[in-house]
Amino acid sequence: MGRTTNSAARVVGAATAAALALGVSACGGSGSGAKADGGFTYWSMWRADEPQAKVLKAAIADFTAATGAKVDITWAGRDIAKKIGPAIAANQAPDLWDQSDDKVYGATASAGQALDLSPLLDQRIPEENVPVSQVIPAKYFDMLPKDPSGANHYLIPYEVVTNAMFYNAADPVLASAMPTPPTDWAGLLKVCDALKSAGKACIASEGEDPWSNALYFDYLLNGAGVNVAKLAADTSGATWDDPAVLTAAQQIEQLVRGGHLIAGYDATKYPAQETNWANGKAAFYIDGNYVTAEVAQQVPAGWKSASILPPTAKTPDANLIGFAIPKRAKNAAAAQKFIAFFLQKKQLSGIATTALNLTPRKDIPAPAELADAQRALEAPAVRLTFDGVSGAWLPKVLNENYLDLWHGKTTAAQFVAKCKADQVAYWRAQG
């Protein structure tokens, strides 16, 4: 994701736009009219050479072989969300596109321009004879913001990203310090103290990145029952006076002032500390589950990836990557037929086996290095990272203030007071 506010965008890395023909010629960025053969146009966020694209190419080939329908696909890259709105306005949008849930919502659903895919949940998955609703847990839709009509089924996920503290379970130093995962913050600090005594850093941190470092704060607030979206929406700033908010900030301060962050973290940029973590110089690294694939070629032999949520967290976070259909798509029925086809276990399994990521289907085993992350997602509910907060509030209120706390420049109390003041000013400026 290039260290941005949404983990789903960095699943594999930065991307550039590329187009490729599959089944027929590439669509060249234009929309389509109604197709007599049951085909449709599809813009994808992936590059043609990425693992997810490999999985989708195979599925499209199988779909065409099974149905005779041809798919015009453009491998549009991560900027696809910037293109979809103008394409809709020009009546040149594809029948199907894919992106992360926040991008689909921001670019189309929030404006009522995404098709409600609720009827698709009743559609049968080919060869399995079960409805889509049986293989995609409702909790993934329940966490999404609603569009103007009140619908939250504007995206059908095929990949799930969750954030956690990743570590090497085969590290003997960590195993000695942490015989069992800690169940509270004091337990984590005890592990960090033991690691420090053994000469090993507890936490690797990309010091300049507010998003990944603030995941600790996000999970602490979640554990304390504080909803970040409600915190951010309070125009008076009074929610910052909740004692639970200050406690969470004080727990962050304990990490910093306890010397539990890797030396030099505040003077390096991504991926320096990710690399240090992969080389065993720190025990934990918090990030999206895509990190295991990112470091796969760096970790030493015998490395055994595992993960835990920050202690006290109640609900795992999740971000979705999935399919969406513009409201005025001319071949929406054909696109929905493909979605159901791709959700077959034999097709969707490639996201786990080839792309080495998580799927929303519980019956598709995660890659071994993500087994813990998949178990965490078996919780009865999931939530969006930062409870779905995005946009200008993060840079205007949280980001720089949090980095000051994370770098030891301010105290927890000063952090809370500054965030409150900046939030009041932010909402006053909004009118």
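S.K.: What exactly am I supposed to notice about helix α11 (residues 243–257) here?
M.R.: Within an α-helix, residues lying three or four positions from one another point in the same direction, as the helix has 3.6 residues per turn. Helix length check: α11 (15 residues) gives 21 Å between terminal C-alpha atoms against 21 Å at 1.5 Å per residue, within 8%. Taken together, the buried positions of α11 are occupied by Ala-244, Val-245, Ala-248, Ala-249, Gln-251, Ile-252, Glu-253, Leu-255 and Val-256. Those residues of α11 hidden inside the fold are in contact with α7 (185–197), β6 (201–203), α9 (215–223), α10 (228–233), α18 (393–406) and α19 (412–430). For α11, the capping residue at the N-terminal end is Asp-242, with a side-chain oxygen 2.9 Å from the backbone nitrogen of Ala-244. Looking one or two residues past α11, Gly-259 carries a phi angle of roughly 70°, positive in sign.

S.K.: Would you take a moment to explain the state of the cysteines for this structure?
M.R.: Between two cysteines, a covalent bond joining their sulfur atoms is known as a disulfide. The full count for this structure, using the stated rule, is 1 disulfide. The disulfide partner of Cys-192 is Cys-202, and the S-S distance across this bridge is 2.2 Å. Residues Cys-192 and Cys-202 share a disulfide whose torsion about the S-S bond is about -50°; that sign makes it left-handed. Here the residue Cys-192 occupies a position in helix α7, and Cys-202 occupies one in strand β6, the gap between them amounting to 10 residues. Cys-202 matches Cys-192 in its accessibility class, with the two residues each being buried.

S.K.: Could you clarify how one ought to interpret the environment of Ala-36 in this entry?
M.R.: In this structure, Ala-36 sits in the segment before β1 (40–44). In the structure, Ala-36 is positioned 375 residues away from Thr-411 in sequence and 65 Å away in space, judged by C-alpha atoms.

S.K.: Can you walk me through the environment of Leu-215 in this structure?
M.R.: The residue Leu-215 is located in helix α9 in this model. Looking at Leu-215, the relative accessible area reads 0%, which means it is buried. Taking the C-alpha atoms as reference points, Leu-215 and Val-132, separated by 83 residues in sequence, lie 32 Å from one another. The contacts of Leu-215, once residues within four sequence positions are left out, are Asn-163, Ile-286, Asp-287, Asp-317, Thr-385 and Phe-386.

S.K.: Looking at this structure, how should I read the sheet that holds strand β5 (residues 163–168)?
M.R.: Hydrogen bonds between backbone groups are what pair the strands of a sheet, and the pairing can be parallel or antiparallel. With mixed pairing, the 4 strands of this open sheet are ordered in space as β6-β7-β5-β8. For this open sheet the edge positions go to β6 and β8 (305–308), each flanked by a neighbour on one side alone. Direction aside, the axes of adjacent strands within the sheet are offset by 30° on average. With 4 bridges joining them, β5 and β8 adopt antiparallel strand pairing. In the sheet register, Tyr-167 faces β8, and the bridge partner there is Ala-306.

S.K.: Explain the packing of helix α1 (residues 51–67) against helix α14 (residues 332–342) here, please?
M.R.: When two helices pack together, their arrangement is given by the angle between the helix axes and by the axis-to-axis distance. It is the contact of α1 with α14, at a shortest axis distance of 10 Å, that shows an interaxial angle of 115°. Like other packed secondary-structure pairs, α1 and α14 cross with a definite hand, here right-handed. In this structure, α1 uses Val-55, Leu-56, Ala-59, Ile-60, Asp-62, Phe-63, Ala-66 and Thr-67 to contact α14, whose residues at the interface are Ala-334, Lys-337, Phe-338, Phe-341 and Phe-342. Here the residues of the contact of α1 with α14 are counted per class, giving 10 nonpolar, 1 polar and 2 charged.

S.K.: How do you make sense of helix α2 (residues 80–89) when you look at a structure like this?
M.R.: For α2, the full list of buried residues reads Ile-80, Ala-81, Ile-84, Ala-87 and Ile-88. End-on view of α2: buried residues confined to an arc of 120°, all on one side of the axis. In α2, the exposed positions that point more than 90 degrees away from the buried face belong to Lys-82, Pro-86 and Ala-89. Tucked inside the fold, the buried residues of α2 contact β1, β3 (96–100) and α3 (101–107).

S.K.: Which parts of the structure should I look at to understand the side chain of His-153?
M.R.: Relative to the helices and strands, His-153 is located in the loop between α5 (139–142) and β4 (156–161). Taking relative accessible area as the criterion, His-153 reaches 17% and is therefore assigned buried. Aside from chain neighbours lying at most four places away, what touches His-153 is Leu-115, Asp-116, Leu-117, Ser-118, Leu-121 and Phe-141.

S.K.: What is the right way to look at unusual backbone geometry in this model?
M.R.: Across the chain, the bulk of peptide bonds are trans and the bulk of non-glycine residues have phi less than zero. Following Tyr-270, the chain continues into Pro-271 via a peptide bond in cis, with omega recorded as 5°. Within the element layout of this structure, Pro-271 appears in the loop between α11 and α12 (272–278). Of note, the phi angle at Leu-356 is positive, near 60°, even though the residue is not glycine. In this structure, Leu-356 sits in the loop between α16 (350–353) and α17 (371–376).

About the cut-offs
- Residues numbered from 1 in each chain as written.
- Predicted model: local features only at pLDDT ≥ 70, side-chain atom pairs only at ≥ 80, totals over all residues.
- Heavy atoms only, no water.
- Helix = DSSP H or I, 4+ residues; strand = E, 2+ residues; numbered from the N terminus.
- Expected span 1.5 Å × (residues − 1).
- Buried < 20%, exposed > 50% of the residue type's maximum accessible area, 1.4 Å probe, protein only.
- Contact = heavy atoms within 4.5 Å.
- Polar contact = N/O pair within 3.5 Å; in protein donor to acceptor, adjacent residues only side chain to side chain.
- Disulfide = S-S within 2.5 Å.
- Pairing = 2+ DSSP bridges.
- Axes fitted to C-alpha atoms, helices over the stretch in contact; angles between N-to-C directions.
- Left-handed = near helix turned anticlockwise from the far one by under 90°.
- Nonpolar A, V, L, I, M, F, W, Y, C, P; charged D, E, K, R; others polar.
- Arc of directions from axis to C-beta.

Read these as spatial facts, not as claims about activity.
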